[in-house]
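So the chains spell out like this:
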Amino acid sequence: MIKKILFLFLFTIVVLGQNPQSLEDSIYHIVDGYVKQPTLEGLVKLNQMDRHFWNDKKIKTKDELLAIVILNCNKGYYESQFGKNRDATESYEKAWELFQKNKLSNYDIVEFCLKPLGNLYTIQGDYDNAENIIKQYYYSATKEKNLGQKIAAILNLSNVYQSAGKNDMAIDLLRKTIQTEKLSKTQKGIFVTNLANNYLLNYKKSLVTQEKHSSDFKKIEGTYLYAIQLLQLDKAQSETLGNCYRNLASLYVQEHHYDKANAYFAEAKKLFLASANKDSRKLAKLYYEEALLLFEQQKIKEASVLIQSVFKTLLPKYSNAKNILPNQASLYADTVLLDAFDLQAAIFSLENQPKNALKSYALSFYIEDLFANLLIFENSKIITQTRVRNRTEKCIALYDELFKKEKKQSYIETAFQLAEKTKSTVLKDYLLNNITASRAEKLHLEQIQNWSVEIAKEQQKGEAADISKINEAIKNQNELVLSLKKIESEKNPKKASEINIENLFTKLNAEGVMLLSYFSGTEKTYCFTFENNTISLNSFNNDKETTGNIWKFIDYFKDSDAILKDVKGYNHSGKVVYDLLQLSKQTDNKKLLIIPDGLLNFLSFEALITKETATTNFAKMHYLVQDYAIGYNNSVAFYLNEVEAEKPRKMVLGIFPVFEKTDYALSFSKNEMASIKRNFEGQFFENQKATFDNFKNNASSYSILHLSTHASSGDLVSPASIKFYDQEVLYPELYSLNINPDLVVLSACETGIGKLYKSEGAMSIARGFQFAGARNLLFSLWKVNDFTTSVFMDYFYQYCQKGTSYLEANHKAKLDFLNNKTISNAKKSPYYWSAFVYYGGVESGEESFNYVYLIFGFIAVIGLLLVFTRFRKWKKFKKS
């Protein structure tokens, strides 16, 4: 203890360089000294002071706490300047937490902490945290009528939407502000610049989808020129003005007008070099953008030199003496570095150096992983995966090229591993980390999710939403996020391991399964086919015609009449898509496992046409379901890592709200319930008893959960939801359910449909149950018919009762439906029988033993024994 006191005393004298003084004064002295001469090495003193503050266990005054808040805000600022964004984020988070927790005042926490913290979150791709922080100080500024901070909040929020790809939301927000707020000429110029930026991003998206219009180009150019007109007299806005010229250069590059693009970029470069604010990151970004401009003009050598300038600027120890690419150990999470590696990879590709290109992409993936470790919210993780997938597509193309040249199977295997890494990454990580998560972590995640649901439900009210209620929820959520980050910083998050190819083939062969894993990119869709102990890779272009053909087939299921009105067209469309997806039968396997991606998540493969005919008799058409028992999964990892759980006694928990005497009554739902009761024991809640609480309180005790109700796929504002008798439940509310069922059956409309992300699939009700731990699910891809669903479910449960596997039960139920002569031809349309898809294990079932046959067999054996015994006695009698 004496040594500790002596250390603190010496620290004050030696480190602070003066006589002992109050703790508060010591902090300000250190901060003032550092600000006069900020260096990377000098940050050590600020960190020492911070540790010293907390090592001293005496109760701190509010003035002392405020002093350490100010120290951390300054520390965060300079850490950010020196490219240490992760350290900066932690410093600002610590400052904000202390300021809130201790209810401090007399410091502009918005200006010096929340604004830069929100910007850092945006840079790191943590868009949900960024949005929450900004909305919090927007609410505060609105309440206090602080127009300056309110305008800054709106501007920063538009930047978050822009970075997260929500360009239309950004445009709406900026337009509304320009029209309703009293902005100065400069403020208006900044807002118009941001508006043009989002127009430009939408324009670039339209180039990919081949939906661009010349009027869009003129609108974007005119908006930037108007912004320049508003800003050109304000010398303080040279950076924003420069951004206008940079983006005009980018706009002209899209049209291959390089002379004009070069002229605009030269103007931007001149403004940047003349400005006083030239930190290393902004300089590196300028080098990168110039390199990109040169690359577009095929000036490869000049572009490569500028990429090396990016590395030299951001990585102090970088040397290109031996290798253009930096050492991985020197890298950190930075988007400019990320972009530079991607561009360097593209340069290597053009120079016909595919292996070096793959090395450069590997460094990009490494930085991407650093970003991923910073994220808490599901939405931010999913958006980040979009960037990962674009890079993955390029890598798959390179591995395919190498395979065709060198015929090495290892290239296809590596390409598959990369594609697999992008499949349901958020879901996989959640389930993996949930195994080792502490009780505190799980509680934090559950509460964060609950607040997200509260925010979503309030926002659904539109103009009637209670802003103060949303703000309070955001505040509570922010506090939980900061607390959770502290807990998670003390442990290493688990990451999903690579697929063991040998084990995968062993499992596929044992179960008689052919596996197709799709990867939907921007330019192509790739298909990895696993059969006969070999992986093959095929692809098709994602051009307008191909995408149109897939959509045309999906659109046949938008309502019950679409197929009936055009049977011939459906027959043709189903065959076109079947051929496109390269599904022709080349194996003796009877089971087909599909890992869909992109649009294919919405497609019922069972209903594809294998042979086109002129018949209008639906039972006589040639469907893929007649060739295979078809199952689906989100990821090959889920299939391979299935744990063969102890087979529980099958007991059903049934939820049947029925909604009698309402406009949305499910009259055949009772038939469905009666059918299940004939086959299985269990507990069945109907009408008023089919509440969410009754479901939650009983779900953990049953092996099969069956919900026969209404559901919605959601829209741009509302998430997917499912109805219980007493309330509508959003899909994220299902994440924290305490369940471990063998099967979840969602006998409701669109339970597998929701907002689509290529990396994760649909944000659907089914996803909610997967997060909760459901391994096997049966759910629908479109609005289902009440009567035909009850018939299908009757067949399905009859097979389940016999011990048939869920995969086979689903398959046989569909065939029985088609062969049922009591069902009309119209009701045998694929719309009615192919809606339900099965996601989960494909192992063989345990056929129920027929005790009647056992008894007859036993009697027969006894009879034979008696006959034989009497025969032997007769022979002995005859001999005697």
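Just above, that's the structure.
As a convention, each chain's residues are numbered from 1 in the sequence order in which they are written. Totals for whole chains, interfaces and linings use every residue, but because this is a predicted model, local features are given only for residues with pLDDT of at least 70 and side-chain atom pairs only at 80 or more, for both listing and counting. Excluded from the side-chain calculations are hydrogens and water; all other atoms, namely the structure's heavy atoms, are used.

### Section: the pairing of strand β3 (residues 534-541)
Here is step 1: As defined by bridge partners, strand β2 (residues 524-531) adjoins β3 across eight bridges and the pair is classed as antiparallel. Residue pairing for β3: Cys527 is matched across the bridge by Asn538.
Here is step 2: From the end of β2 to the start of β3, which pair antiparallel, there are two residues, and Asn532 there has a positive phi angle of about 55°. The pairing criterion is simple: DSSP has to find at least two bridges between the two strands. Segments assigned H or I by DSSP are reported as helices when at least four residues long, segments assigned E as strands when at least two residues long, and all are numbered from the N terminus.

### Describing the pattern of salt bridges
Here is step 1: Salt bridge criterion: a side-chain nitrogen from Lys or Arg within 4 Å of a carboxyl oxygen from Asp or Glu. If you walk through the whole model with that rule in mind, you get 35 salt bridges.
Here is step 2: For Glu368, the salt bridge identified is with Arg391, shortest N-O distance 3.1 Å. Of this pair, Glu368 sits in helix α17 (residues 354-372) while Arg391 sits in helix α18 (residues 378-406), and the two are 23 residues apart along the sequence. Accessibility classification places Glu368 together with Arg391 in one group, the buried group.
Here is step 3: A salt bridge links Glu642 to Lys507, with the nearest nitrogen and oxygen atoms 3.4 Å apart. When accessible area is computed with a 1.4 Å probe and restricted to protein chains, residues below 20% of their type maximum are described as buried, those above 50% as exposed, and intermediate ones as partly exposed.

### Details of the side chain of Glu606
Here is step 1: Assignment of secondary structure puts Glu606 in the loop between β4 (591-595) and β5 (609-611).
Here is step 2: Those residues in contact with Glu606, other than ones at most four positions away along the chain, are Tyr623, Leu624, Val625, Ile630, Tyr632, Asn810, Lys814, Trp833, Phe836 and Val837. Contacts between residues were defined by any pair of non-hydrogen atoms, one from each residue, lying within 4.5 Å.

### Structural notes on the environment of Ser708
Here is step 1: Along the chain, Ser708 falls in strand β10 (residues 704-708).
Here is step 2: As a C-alpha pair, Ser708 and Lys101 span 607 residues in sequence and 46 Å in three-dimensional space.
Here is step 3: Leaving out residues up to four positions away in the same chain, Ser708 has contacts with Ile655, Phe656, Pro657, Leu666, Ser669, Glu672 and Ser747.

### Some remarks on the packing of aromatic side chains
Here is step 1: By convention, a stacked pair of Phe, Tyr or Trp rings (six-membered ring in the case of Trp) has centres within 6.5 Å and planes under 30 degrees apart, an edge-to-face pair has planes over 60 apart, and any other such pair is tilted. Under the definition given, this model contains 42 aromatic pairs.
Here is step 2: Geometrically, the ring pair formed by Phe792 and Phe796 is stacked, given 6.4 Å between the ring centres and 20° between the ring planes. One end of the pair, Phe792, and the other, Phe796, are both in helix α31 (residues 786-801), four residues apart, so they sit about a helical turn from each other. In this structure, Phe792 and Phe796 share a single accessibility class: buried.
Here is step 3: Three or more aromatic residues joined by ring pairs make a cluster, and in this case those are Phe553, Tyr556, Phe557, Tyr570, Trp782, Tyr831 and Tyr832.
Here is step 4: For a Lys NZ or an Arg CZ to count as sitting over a ring, it must be within 6 Å of the ring centre and within 35 degrees of the ring normal. Sitting over the ring of Phe519, Arg389 keeps its end group 4.3 Å from the ring centre.
Here is step 5: Over the ring of Tyr664 we find Lys723; its NZ or CZ atom is 5.5 Å from the centre of that ring.

### Quick notes on the sheet that holds strand β11 (residues 711-712)
Hydrogen bonds along the backbone pair up the strands of a sheet, which may run parallel or antiparallel.
Here is step 1: As summarised here, the arrangement of the three strands in space is β11-β12-β13, forming an open sheet in which the pairing is antiparallel. The open sheet is flanked by β11 and β13 (728-730), the only strands paired with a single partner.
Here is step 2: Strand direction decides the pairing type here: β11 and strand β12 (residues 721-723), joined by two bridges, are antiparallel. Looking across to β12, one finds that Ala711 is bridged to Ile722.

### So, the pairing of strand β1 (residues 513-520)
Here is step 1: With eight of eight residues buried, β1 lies mostly within the body of the structure.
Here is step 2: On β1, burial covers both faces: Val513, Leu515, Ser517 and Phe519 on one face and Met514, Leu516, Tyr518 and Ser520 on the other are all buried.
Here is step 3: In this structure, β1 lies alongside β4, joined through five bridges in parallel fashion. Pairing of Leu515 across the sheet is with Leu593, part of β4.
Here is step 4: Note that β1 and β2 share six bridges and pair antiparallel. Counted as the bridge partner of Ser517 is Phe528 from β2.
Here is step 5: A loop of three residues connects β1 with β2, the two strands running antiparallel in sequence.

### Here's the deal with helix α14 (residues 280-296)
Here is step 1: Expected helix span is computed as 1.5 Å times (number of residues minus one). Under the 1.5 Å per step criterion, the end-to-end length of α14 is 24 Å for 17 residues, consistent within 8% with the ideal 24 Å.
Here is step 2: Listed in full, the buried residues belonging to α14 are Ala284, Leu286, Tyr288, Glu290, Ala291, Leu293, Leu294 and Phe295.
Here is step 3: Of the surrounding secondary structure, the elements contacted by the buried residues of α14 are α12 (238-254), α13 (258-274), α15 (300-314) and α16 (335-350).

### A word on unusual backbone geometry
Most of the time, phi is negative for any residue but glycine, and the peptide bond is trans.
Here is step 1: Even without being glycine, Lys407 reaches a positive phi, approximately 55°.
Here is step 2: With relative accessibility at 60%, the residue Lys407 sits in the exposed group.

### Quick look at the state of the cysteines
Here is step 1: Our working definition of a disulfide is a cysteine sulfur pair at a distance within 2.5 Å. Considering all chains together, one arrives at zero disulfides under this definition.
Here is step 2: With no disulfide of its own, Cys527 lies closest to Cys395 among cysteine sulfurs, the gap being 19 Å.

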